[in-house]
Amino acid sequence: MSAIFQRQWLLPLGVMLGYVILMGMNPVRHCLLDGLRSLQRYHRLWAIPAGLGLCYALFHAGLTLFFYSVLPIEQQPAFGWKISWAIPPWTSHLSEAHSLRDWLAALFADPRWQVLRSAALDGIESVAGLFNNVVTTFPLSAIAAVLLLVNWEDHHSTLRKALRNRFRRWASLVHAGILLCALSAIVAPILFGPSLIYLNRVAPGLTLVRWSALIDWLSSLFAYLFGVGVQVYLILIVYTWLRGLNWTSVHLMDLAIRRFSFVVKWAAVVMAFSSLLIDLPRVSALLFRFDDPLYLNHTLAYTDCVARPLLALLLIFFSTMQITLTFHSETLGKALEHHWQFLRRFWWQLLWFLLIAAIHLMGLAFVNRWLLLGFGGETTSAGFVWSFTYPLLAAFLAAWLLSSWVSLYKRCETGRLEAPDWIPF
C-alpha cells in the first residue's frame, strides 16, 4: 500500500519540479519577474480586469436568479442548491463501438473530451488576448458607452480630436461607426437583461431572437473597442513604471485615448476578420436560416472548431502589432515592417513567452472547465461560487502576463534581455 501511495505522488512531484525548472531557467524569466513587480507596484493592473470580470459574473448570476424567481416552474432555469463534485464516468458507447469511426464519434461526444476541447479553445483565445484584448467588458461597456456619449471629463472630445488628427477625411466615418456601436452597447443589456420577459410580450419571441443577433454583433464591436482602450491604458501603466515616470489617472487616460487612435487601425482589421469569420455567418444563419436547425448547428460547430481558433492563431502570429502602434504611433505598414523585424531578431524569446503563457492560461482554463463539470455547471451552488472566484484568478494571471509582455517587448528594443536589475525602482 505504501509503495502505491508513493507512486501516486511521483507524477505531481515531477510536474512541480518540472514547473520550477521551467520558470527558473527559461530565457524570459527576468521579464516574468518584472511583471510580478509591476503588479506589486500598481494594483490596478489586475484590479481593473478583475472588476470587469466580476461585473460580468454578477450580471450573469443575477440574470439567472431573476429568471429563476419570476418565471413559472416549467420555464425556470435549472438550479441546484446542493454542493457536490463528481466527474461523470466515460460514456458506455466507447465500449459498444464496432468501428474506429463509431469509437471516435463516441469519444468526441464524451463530457471529458468536451472539457479538453473547450479548455484548449479558451486557453488559446486567452493567449491571443494578451496581444489584443485581455479584459471582459460586458455589461460595463454599456456604462462606458453612456459616459462616452455624454462626454464625461471631456474624453469624447479627446477621442474626436485624436480621430480627426489620425484619419483626416475618414474621421467622421470612423467616429459615426463608434457611436453606432456605442448605441448598440447601451441597448444590449436591456435587450438581454430582465426586460427580455416584457419584450417577449410585445414582440414575437422568434423575431426578437433573430434580430437581437444584429444588436449583439454591433454591441460586441463596441465592447471590443472599449476592451482595447482598457488594454492600451494597462500597457501604458506598465510602461510608465518601466521608465519611472509620474502620472495621474486623468492624464494617462487621455494619453491612452490618443494612442488608441493609432491602435484603432489594427483593431479595425481584427474586427473585420472577426466579423467575416464569426459574426456574419452567425447573424446570417439566425436571420435567413433560422428554421433550419441542422444549418444552425453546423454554423455553431464551424465557429468553435474553425473560426475562433483561426482568429486566435492570427492574433498570436501578429503579436507585436498592437503594442508597436501603442508605443510608436506608426502606420499599419510601418508597424507590420517592425513586426517582421521583431520576429527575425527575437523569435526565440517570443516562442518561450508563448509557451509560458499557454501553460498558465490553458491550465487555468482546464481547471475551470473541469471544476464546472464536477459541480454540474454554473447553475449549482458550487458552480455559482466558483463563477465569482475564477474571474479573480484569470484577471491576476492575465495582468501578470500582459505586464511581462510589455517588459519583454521593451527589453528586446533596448537590448537588455539578460539584465536582472533593469528596473531599479
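Relevant structure appears above.
Residues numbered from 1 in each chain as written. Predicted model: local features only at pLDDT ≥ 70, side-chain atom pairs only at ≥ 80, totals over all residues. Heavy atoms only, no water.

Undergrad: Looking at this structure, I do not really get a nonpolar patch on the surface. What am I missing?
TA: A cluster of nonpolar side chains, contributed by I143, V146, L147, L149, V150, W152 and L183, occupies part of the molecular surface with about 590 Å² of accessible area. Here the element with the most residues in the nonpolar patch is helix α7 (residues 140–149); it accounts for four residues. Among the secondary structure elements, L149 is positioned in helix α7. (Patch = residues over 30% accessible without salt bridge, like charges linked within 9 Å, V, L, I, M, F, W, Y side chains within 5 Å. Areas by Shrake-Rupley, 256 points an atom, 1.4 Å probe, with all protein chains shown as cover. Salt bridge = Lys/Arg side-chain N within 4 Å of Asp/Glu carboxyl O. Helix = DSSP H or I, 4+ residues; strand = E, 2+ residues; numbered from the N terminus.)

Undergrad: Is there a simple way to explain the layout of surface pockets in this structure?
TA: The calculated volume of the second largest pocket comes to roughly 760 Å³. A144, F226, V230, M253 and I257 are the residues nearest the centre of the second largest pocket, which is lined by 22 residues in total. When residues of the lining of the second largest pocket are traced back to their parent elements, those giving at least two are α3 (44–70), α7, α8 (155–167), α11 (205–243) and α12 (249–288). For the lining of the second largest pocket, the leading source of residues is α11, giving six residues. Classifying every residue of the lining of the second largest pocket by side-chain character gives 19 nonpolar, three polar and no charged. (1 Å grid on protein atoms, 1.4 Å probe; cavity = no way out; pocket = protein on both sides within 12 Å on 5 of 7 lines; lining within 4 Å. Points joined across faces, edges and corners; volume = space filled by probe spheres on them. Nonpolar A, V, L, I, M, F, W, Y, C, P; charged D, E, K, R; others polar.)

Undergrad: Honestly, the nonpolar core in this entry has me stumped. Any pointers?
TA: The nonpolar side chains of a soluble globular protein tend to be buried with one another. Within the largest apolar cluster, 99 residues are counted, with the highest numbers of intra-cluster contacts made by L130, F222, L225, I237, F327, W405 and L408. When residues in this core are grouped by element, the largest group, 19 residues, is from α11. Setting aside anything within four residues of it in sequence, one finds L408 in contact with V28, C31, Q349, F353 and L417. (Core = buried A, V, L, I, M, F, W, Y, C linked by side-chain atoms within 4.5 Å. Buried < 20%, exposed > 50% of the residue type's maximum accessible area, 1.4 Å probe, protein only. Contact = heavy atoms within 4.5 Å.)

Undergrad: I'm lost on the pattern of salt bridges in this one. Help?
TA: Within the structure shown, the criterion is met by eight salt bridges. Across the salt bridge formed by R282 and D216, the nearest N and O atoms sit 3.5 Å from each other. Of this pair, R282 sits in helix α12 while D216 sits in helix α11, and the two are 66 residues apart along the sequence. Classification of D216 by relative accessible area gives partly exposed; the value is 27%.

Undergrad: Quick question: what am I supposed to make of the packing of aromatic side chains here?
TA: Geometrically, a pair of aromatic rings is defined through the distance of the ring centres and the angle of the planes. Going through the model one piece at a time under the given rule, you end up with 20 aromatic pairs. A centroid spacing of 6.0 Å and a plane angle of 65° characterise the contact between F318 and W340, whose relative ring orientation is edge-to-face. In this pair, F318 sits in the loop between α13 (293–317) and α14 (321–328) while W340 sits in helix α15 (residues 332–375), placing the two residues 22 residues apart along the sequence. On the accessibility criterion, W340 (33% relative accessible area) is partly exposed. Through a chain of ring-to-ring contacts, three or more aromatic side chains come together here, namely F131, Y239, F327, F342, F346, F353, W405 and Y409. In this arrangement the basic side chain of R41 is found over the ring face of Y42, its NZ or CZ atom lying 4.5 Å from the centre. (Phe/Tyr/Trp six-rings, centres within 6.5 Å; stacked < 30°, edge-to-face > 60°. Lys NZ or Arg CZ within 6 Å of the ring centre and 35° of its normal.)

Geometric values such as these leave the question of function open.
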